[in-house]
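Here's the letter readout for the chains.
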Amino acid sequence: MSELSPKLGQNGTIKNIDSSSTVAETEDIDFSKLSERPRPLTMERQRSYDERSFLSELSVGIRSGFNTPRSAMDFEPHPMFAEAWEGLRRSLVFFRGKPVGTIAALDNSDEELNYDQVFVRDFVPSALAFLMNGEPEIVRNFLVKTLRLQSWEKKVDRFQLGEGVMPASFKVLHDPVRNSDTLIADFGESAIGRVAPVDSGFWWIILLRAYTKSTGDSTLAELPECQKGMRLILTLCLSEGFDTFPTLLCADGCCMIDRRMGVYGYPIEIQALFFMALRCALLLLKQDDQGKEFIERIVKRLHALSYHMRSYFWLDMKQLNDIYRYKTEEYSHTAVNKFNVIPDSIPEWILILCQLMVATSSGMSALPGWTSVGFAWELVGDMPLKVCYPAIEGHEWRIVTGCDPKNTRWSYHNGGSWPVLLWLLTAACIKTGRPQIARRAIELAESRLVKDSWPEYYDGKLGRFIGKQARKFQTWSVAGYLVAKMMLEDPSHLGMISLEEDKQMKPLIKRSASWTF
């Protein structure tokens, strides 16, 4: 959430609320005001947050003759930057002569796995890198191709999936005899655990908005096929059932974590994607009869979802102390302990975590606690960035992961370090005015990623070990670095993925008193 969120005043006008406002005061955000048509992103060249020091540190020469980013760079980037672009271009997948995506990894040591496919979620950082480099064609091709795959019949064990489900991945099979290409999509029928990809549809909408924002071209989003595709996705996630919460219920394994891992059906990363996708759809849907119906449903859901997430997913010391003093078995609509939380169930690590987050005074800003210096380095360690914190240890990890050997403590999805998250860390740091944290994290990545052959993830509490089952030359590790680097050098790129409509202002970049630690 933004540091200054729009709120309706008594006269119906939008005003800003201070970051220290209570949850109840943020309930009245008027999301209906945010359904205006997306404005083109002005990609004028901007200097980075600390031009002199940044340029002096990036004075190493780059290999000649390589197609470096087309933005008007007036400095020589780190040599790893050129190598990353080479790796990203090697991962391109072509369908009938046109680029349609990037494969998950160039490490094909285990052919039975699907790392040779184009994953929707994996392609997102690649797509952003190409958009930032002024190459939107591949992104447009990808959006169109996956949209056509959405219309395919989708069955898992004789059960037909919803019409709006997007594929988890696809691959291109080339027949050299007939000189023809064929697309093969996976909607979960080949996945580990046979689970459908909840996040693919959300990423598709988010990427469509990023493409529209970057290019200023709304013709793709306004195509009837794209409008229908969005409505089908929204129909799936806005449908009513027996659920009493506005959050999105997901089957085990449908979120990033393969096993249950304690998310209990409502993983926070899916709720964040859900929120972002709804906000993007609000900007992309046409104001026709069908579009207006969905816009009304989105606005209602956003009000409920925003309040629910701020009230029940957010923890600070005050709220934690309130929970600690909860009474149980309360009945009636006046109950304070609405979900009958047993105070003795609060794990010790939550207490430690909230204490670390007190280091910042940002209140309910976008990512308040962990973008403080102390807590950030708990997450970064020697390789950015922890996928979750802290790790589940002892006998507990065996119970909640089903004894999954990949998910031992500080490994894989149980506290492992994933370089792809570098671009998200950088975006958050720029938006909250702490680019020095991103800068230091990028330097750490530059010291190891090439030497370690761009691994998928790292293990260990500090991320010092290449993951025990990590693939090498992982494309989204490469793309995550490129996007982080380009965003930090030119913060205007943040507009592709940031909902700056919240504040109607440019990304927050303020000079720190110290750029080193």
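To be clear, the structure that these remarks concern was listed above.
Since this is a predicted model, take the numbers as computed values, not measurements.

Chemist: Lay out the overall build of the chain with the relevant residues and their values.
Modeler: Counting secondary structure elements, the chain contains 16 helices and eleven strands. Relative to its full complement of 517 residues, the chain shows a buried share of 54%. For the chain, restricting intrachain contacts to residue pairs at least 6 apart in sequence, the fraction spanning at least 24 positions comes to 66%.

Chemist: Give a detailed account of the pairing of strand 4 (residues 98-102), specifying residues and quantitative values.
Modeler: Among the five residues of strand 4, four are classified as buried, and the element is accordingly described as predominantly covered. Taken together, the four bridges between strand 3 (residues 92-95) and strand 4 define a ladder with antiparallel strand orientation. Counted as the bridge partner of F95 is K98 from strand 4. Linking strand 3 to strand 4, which pair antiparallel, is a turn of two residues; within it R96 sits at a positive phi near 55°.

Chemist: So what about the nonpolar core? Which residues, and what values?
Modeler: In this structure, W204 and L482 are the most contacted members of the largest nonpolar core, which totals 115 residues. Among the elements that take part in this core, helix 8 (residues 268-284) stands out by supplying eleven residues, more than any other. Residue contacts for L482: discarding those within four places in its chain leaves F81, A84, W85, L88 and A129.

Chemist: Kindly report on the environment of K286, identifying the contributing residues and their values.
Modeler: Relative to the helices and strands, K286 resides in the loop between helix 8 and helix 9 (289-313). Sequence separation between K286 and P224 is 62 residues, and the spatial gap between their C-alpha atoms is 9.6 Å.

Chemist: Lay out the packing of aromatic side chains in plain terms, naming residues and giving numbers.
Modeler: In this structure the tally under the stated criterion is 14 aromatic pairs. Residues F123 and F142 carry aromatic rings whose centres are separated by 4.3 Å and whose planes lie at 35° to one another, so their mutual orientation is tilted. A residue pair is termed long-range when its members are at least 10 positions apart, and F123 in helix 3 (residues 120-132) and F142 in helix 4 (residues 137-150) qualify at 19 residues. Across the pair, exposure class does not vary: F123 and F142 are buried alike. Put simply, the rings of F245, Y266, Y307, Y312 and F339 pair up and form one aromatic cluster. Across from the ring centre of W377, 5.3 Å away, lies the NZ or CZ of R440, which sits over that ring. The ring of Y115 carries the charged tip of R471 above its face, separated from the ring centre by 4.9 Å.

Chemist: Describe helix 2 (residues 79-90), naming the residues involved and giving the relevant values.
Modeler: Quick reminder: α-helices carry 3.6 residues per turn. Residues three or four places apart thus point the same way. A rise of 1.5 Å per residue sets the reference length of helix 2, with its twelve residues, at 16 Å; its end C-alpha atoms lie 17 Å apart and thus fit the reference within 8%. Restricting attention to buried positions, one finds in helix 2 the residues M80, F81, A82, A84, W85, G87 and L88. Buried residues in helix 2 make contact with strand 3, strand 4, helix 3, helix 15 (435-446) and helix 16 (475-489).

Chemist: Which residues make up the packing of helix 2 against helix 16, and what are the values?
Modeler: Running from N to C, helix 2 and helix 16 point in directions that differ by 135°, and their axes come no closer than 9 Å. Put simply, helix 2 runs oblique to helix 16. Read as a crossing pair, helix 2 and helix 16 show a hand that is left-handed. Mapping the contact onto sequence places M80, F81, A84, W85 and L88 in helix 2 and T475, V478, A479, Y481, L482, K485 and M486 in helix 16. Considered class by class, the residues forming the contact of helix 2 with helix 16 number ten nonpolar, one polar and one charged.

Basis of the calculations
The written sequence of each chain sets the order in which its residues are numbered from 1. Only residues with pLDDT of at least 70 are given local features in this predicted model, and only at 80 or more are side-chain atom pairs given and counted; all residues enter the totals for whole chains, interfaces and linings. In computing side-chain values, all of the structure's heavy atoms are included and hydrogens and water are not. The secondary structure listing takes helices from DSSP runs of H or I that are at least 4 residues long and strands from runs of E that are at least 2 residues long, numbered from the N terminus. The buried label applies to any residue whose accessible area, calculated with a 1.4 Å probe on protein chains only, is under 20% of its type's maximum; exposed applies above 50%, and partly exposed to all values in between. Note on contacts: a residue pair is in contact if any heavy atoms of the two residues lie within 4.5 Å. Should DSSP find at least two bridges between two strands, the strands are taken to pair. Among buried residues, those of type Ala, Val, Leu, Ile, Met, Phe, Trp, Tyr and Cys that are joined through side-chain atoms within 4.5 Å constitute a nonpolar core. Side-chain rings of Phe, Tyr and Trp, where Trp is taken by its six-membered ring, are said to pair if the distance between their centres is within 6.5 Å; with planes under 30 degrees apart they count as stacked, over 60 as edge-to-face, and otherwise as tilted. A ring has a charge above it when a Lys NZ or an Arg CZ is no more than 6 Å from the ring centre and no more than 35 degrees off the ring normal. Residue count minus one, scaled by 1.5 Å, sets the expected span of a helix. The convention used is that axes are lines fitted to C-alpha atoms, helices contributing only their stretch in contact, and that angles between N-to-C directions extend from 0 to 180 degrees. Oblique is the label for any angle not under 35 degrees, not over 145, and not in the 65 to 115 range, which are roughly parallel, roughly antiparallel and roughly perpendicular in turn. Note: crossing handedness is left-handed where the near helix turns anticlockwise from the far helix by less than a right angle, and right-handed where it turns clockwise. When residues are grouped by polarity, Ala, Val, Leu, Ile, Met, Phe, Trp, Tyr, Cys and Pro land in nonpolar, Asp, Glu, Lys and Arg in charged, and all others, Gly among them, in polar.

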